[in-house]
Amino acid sequence: MVPSDIVDEIRHRTNLIDLISQVTRLKRSGSNWMGCCPFHEEKTPSFSVSEEKQLYHCFGCGESGTVFSFMMNYHRLSFPEALESLASKAGIDLGPYKQGQSAQEYQQQKEQKKKMRDLFAYANQCFQKCLAKSPRAAFAREYLEKRGYASDIQKKWGIGFAPAGTKHLYQALVKKGGIEEKHMLTSGLIGRNEKGVYDMYRNRIVFPISDTEGQTIGFGARVLDDSKPKYINSPEHILFNKRRTLFGLWQAKEAIKKQGKAIVVEGYTDVISLHQAGQNNAVASLGTAFTKDHAKVLRKYTDQIVFIFDGDQAGVNAAYKALVPAVSEGLDARVIFLPEGEDPDSVAKDKHKFKSLTQQLVNPKKLLDYYIEKEFLSNQDIRKKSMAIETLVELIKLTSDVYLKEALLNQLVSQTSVEKDIFYGKSSFIKVKKPVTQMQKSLHKNSVQEKFWREESLLLRVLLQVPQSFDRYIKDQAEQYFDQSFQEHILSWLDANRENATAESNLARSIDLWPVKEHIGALSKAFLEDNYDIQEDWEKIWSDCIKKMKTKRIKFLTEQLKSSEGQSTEDIHAIFSEIESLKKTLQTNSKPEGL
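The shown structure was predicted, so the numbers you read here are calculated from the model rather than taken from an experiment.

Ordered by their spatial adjacency, five strands build an open sheet running S1-S2-S3-S4-S5, and the pairing between neighbours is antiparallel. At either margin of the open sheet sits one strand with a lone partner, and together these are strand S1 (26–29) and strand S5 (64–65). Where strand S2 (residues 32–35) and strand S3 (residues 47–50) come together, three bridges link them in antiparallel fashion. Within S3, the position partnered with glycine 35 by the bridge is phenylalanine 47. Contacting S2, S3, strand S4 (55–58) and S5, helix H26 (residues 520–528) runs over the sheet at an angle of about 110 degrees to S4.

Put into structure tokens, the structure is as follows:
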């Protein structure tokens, strides 16, 4: 757990203007900066950034927040990942705060990672140099040229060659010095038997596997003939986890973000050929089925992925295996099956076939729809239908987001005509919801549909920056006028922000600590406003906001009376009483002025 003062220090050291300027051009406009929004396409700048307050807000799409929310929403990072990325840029080491590690253990792990990175970087240099210059690699160069991978492509992808012989790489590593044999063995580059050490890769084309920062963390090595195994991949180690790593992601990630989709194939050469043909958003899993971890990685860059598989039964099975991990993580998973005998590599090298593929990529079939159609609706085998339902139940089980889970359930019921109770019965993890009253449903609907909580947000800013306003909050019993989604958080949030809360520079901290992410847009917008001197104008702001909130409350309650079906006499009487009480308080004050 990273202490709050360290989080504050990371926020303090990070300049929001510098961070956002990396992805969109900002120009000074009064006290703020303006630019085109990086979250949606626009020609007229509507994206405002405050350097003093360290907040941003788009008046077009509503995206708002702080340095942390920008990293999370633009780069698709979790909060811990955003924190670690910004800490690294700020020169703050989070190692000592990582759970379950002593400072000594963390330092040892850090040193081991560095040594492994250095090892893989040097091995990559050796393989590339061999391919480019060694007479031993002449056949490999010819082979790659015939496959369409010219020298410029070889350099771009860092392709290398491991010559025949047992100790070429080992001797190069020893000659370099400073590389321990235990790290050579752990990396999978060197093996050991009763005769001694030997190179694991011999007479093979070598493809480097990079992390998302472009650093080599492993290799895939392919034979030049019909020898088995066709591929040898690096074993997992401290830097490399196959279930989380995708070949080509380092080269493809910007294109994926720009195009709004990722193409997922099965082989290294499939990825390289697709990139050569212009489809530079392609990646591949590394000899494993697509996993939930792969899905989580890709969700940082896009919401849509398109699987391209061979059209045979093996390809269909691979698509089915990818269904649950992809869809349960909230990805819009699509699928394209290639004609028999084709693979992405061969299609990318044929102009007409590639044109057909690009046309299919415009609107590919949804993988979930395909599965339901083929395995349930069109299947007459009762046993197989039951197996299909079990797969769909597993999909629901592994979906952690409650809103996505509910949406998937409704979709499955609609498409399969299977009663929801069947899914409930097969899925003990889904709890039957308690019945709610008509009044509760209406209140919830009102909270969800309210897009901009302007008055609530302005009052929170007053409460935060004007200590004496809290007495007014108590006197007016103001909590009752706040939207329900705000009420339970106000006091604890104020307590957490009281220290130095009046400073403009601490507003970003208060935004980060607000627990309801749906409110962040309204809060950021209100906190960015410079139309007021909060200290001088707070009483007028307070009065105007309370009046508007009362008026809004009367309007809402009146709507409840128009749809009073299902409500008890006591509920209706309570609504009437509240409306009358609110009207009396408004009559004793002047008409609300515009904010």
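Next comes the rest of the write-up.
The sheet built from four strands is open, its strands ordered S6-S9-S10-S11 with antiparallel pairing. At either end of the open sheet lies a strand with only one pairing partner, and these are strand S6 (160–162) and strand S11 (231–233). Pairs of neighbouring strands in the sheet enclose a mean axial angle of 30 degrees, with direction left out of account. With three bridges connecting them, strand S10 (residues 216–223) and S11 associate as antiparallel partners.

This part takes up the nonpolar core. Core analysis: the biggest nonpolar cluster contains 57 residues, and Phe127, Leu189, Ile205, Phe247 and Leu357 have the highest contact counts within it. If near-sequence neighbours (up to four positions away) are discounted, isoleucine 205 is found in contact with Ala140, Tyr143, Leu144, Ile159, Gly160, Phe161, Gly220, Ala221, Arg222 and Leu224.

Glancing now at the pattern of salt bridges. Opposite charge on two side chains lets them pair, provided their charged atoms get close. Overall, the coordinates contain 24 salt bridges when judged by the stated rule. A salt bridge links arginine 28 to glutamate 51, with the nearest nitrogen and oxygen atoms 3.8 Å apart. Taken together, the residues arginine 28 in strand S1 and glutamate 51 in the loop between S3 and S4 connect sequence positions 23 residues apart. You can call arginine 28 partly exposed: its relative accessible area is 48%. The partner of lysine 114 in a salt bridge is aspartate 118, and the shortest N-O contact between them spans 3.0 Å. Of this pair, lysine 114 and aspartate 118 both sit in helix H5 (residues 103–133), four residues apart, which is roughly one turn of that helix. One salt-bridge network, in which partners are shared between bridges, spans Asp8, Arg11, Arg509 and Asp512.

Inspection of the entire model under this criterion finds 23 aromatic pairs. Taking 5.8 Å as the distance between ring centres and 80 degrees as the angle between the ring planes, the aromatic pair formed by phenylalanine 39 and phenylalanine 70 counts as edge-to-face. Residue phenylalanine 39 is found in the loop between S2 and S3, and its partner phenylalanine 70 is found in helix H3 (residues 67–74); the two are separated by 31 residues along the sequence. Aromatic side chains phenylalanine 207 and tyrosine 268 sit 5.5 Å apart centroid to centroid with 5 degrees between the ring planes, which places their arrangement in the stacked category. Of this pair, phenylalanine 207 sits in strand S9 (residues 204–210) while tyrosine 268 sits in helix H11 (residues 268–277), placing them 61 residues apart in sequence. By relative accessible area, which is 2% here, phenylalanine 207 ends up buried. Residue classification places tyrosine 268 among the buried positions, given a relative accessible area of 6%. Cluster of aromatic residues (ring-pair linked, three or more members): Phe39, Phe47, Tyr56, Phe70 and Tyr74. Over the face of the ring belonging to tyrosine 122 we find lysine 176, whose NZ or CZ atom lies 5.3 Å from the ring centre. One Lys or Arg, lysine 385, reaches over the ring of phenylalanine 376 and ends 4.2 Å from the middle of that ring.

The next thing to look at is the environment of aspartate 211. For aspartate 211, the position within the fold is in the loop between S9 and S10. Note: C-alpha distance between aspartate 211 and arginine 244 (33 residues apart in sequence) is 9.8 Å. The contacts of aspartate 211, once residues within four sequence positions are left out, are Ile217 and Trp250. Looking at aspartate 211, its side chain comes within polar contact range of the main-chain nitrogen of glutamate 213, at 2.9 Å.

Here we come to unusual backbone geometry. The linkage connecting lysine 228 with the following residue, proline 229, adopts the cis geometry, with an omega of -5 degrees. As for its position among the elements, proline 229 is in the loop between S10 and S11. Non-glycine residue arginine 76 carries a positive phi angle of around 55 degrees. Within the secondary structure layout, arginine 76 lies in the loop between H3 and helix H4 (79–90).

Another point: the side chain of histidine 183. Turning to its location among the elements, histidine 183 is positioned in helix H9 (residues 181–187). Accessibility expressed as a relative area gives 7% for histidine 183, which makes it buried. Those residues in contact with histidine 183 that sit more than four places away from it in its chain are Gln112, Lys115, Met116 and Leu119.

Along a regular strand, successive side chains alternate from one face of the sheet to the other. By the bridge criterion, four bridges tie S1 to S2 in an arrangement that is antiparallel. By the bridge assignment for S2, lysine 27 is matched with methionine 34. Linkage of S1 to S2, two consecutive antiparallel strands, is achieved through a turn of two residues, within which glycine 30 is found at a positive phi near 70 degrees.

Here we come to the pairing of S3. Side-chain alternation along S3 places Phe47 and Val49 on one buried face and Ser48 and Ser50 on a second face that is also buried. Where S3 meets S4, four bridges bridge the pair, whose relative direction is antiparallel. Within the sheet, the bridge partner assigned to phenylalanine 47 lies in S4 and is cysteine 58. Where S3 folds back on S4, the antiparallel hairpin that results is connected by four residues, among which glutamine 54 adopts a positive phi of roughly 60 degrees.

Reading the values: the criteria
Residues numbered from 1 in each chain as written. Predicted model: local features only at pLDDT ≥ 70, side-chain atom pairs only at ≥ 80, totals over all residues. Heavy atoms only, no water. Pairing = 2+ DSSP bridges. Helix = DSSP H or I, 4+ residues; strand = E, 2+ residues; numbered from the N terminus. Contact = heavy atoms within 4.5 Å. Axes fitted to C-alpha atoms, helices over the stretch in contact; angles between N-to-C directions. Core = buried A, V, L, I, M, F, W, Y, C linked by side-chain atoms within 4.5 Å. Buried < 20%, exposed > 50% of the residue type's maximum accessible area, 1.4 Å probe, protein only. Salt bridge = Lys/Arg side-chain N within 4 Å of Asp/Glu carboxyl O. Phe/Tyr/Trp six-rings, centres within 6.5 Å; stacked < 30°, edge-to-face > 60°. Lys NZ or Arg CZ within 6 Å of the ring centre and 35° of its normal. Polar contact = N/O pair within 3.5 Å; in protein donor to acceptor, adjacent residues only side chain to side chain.

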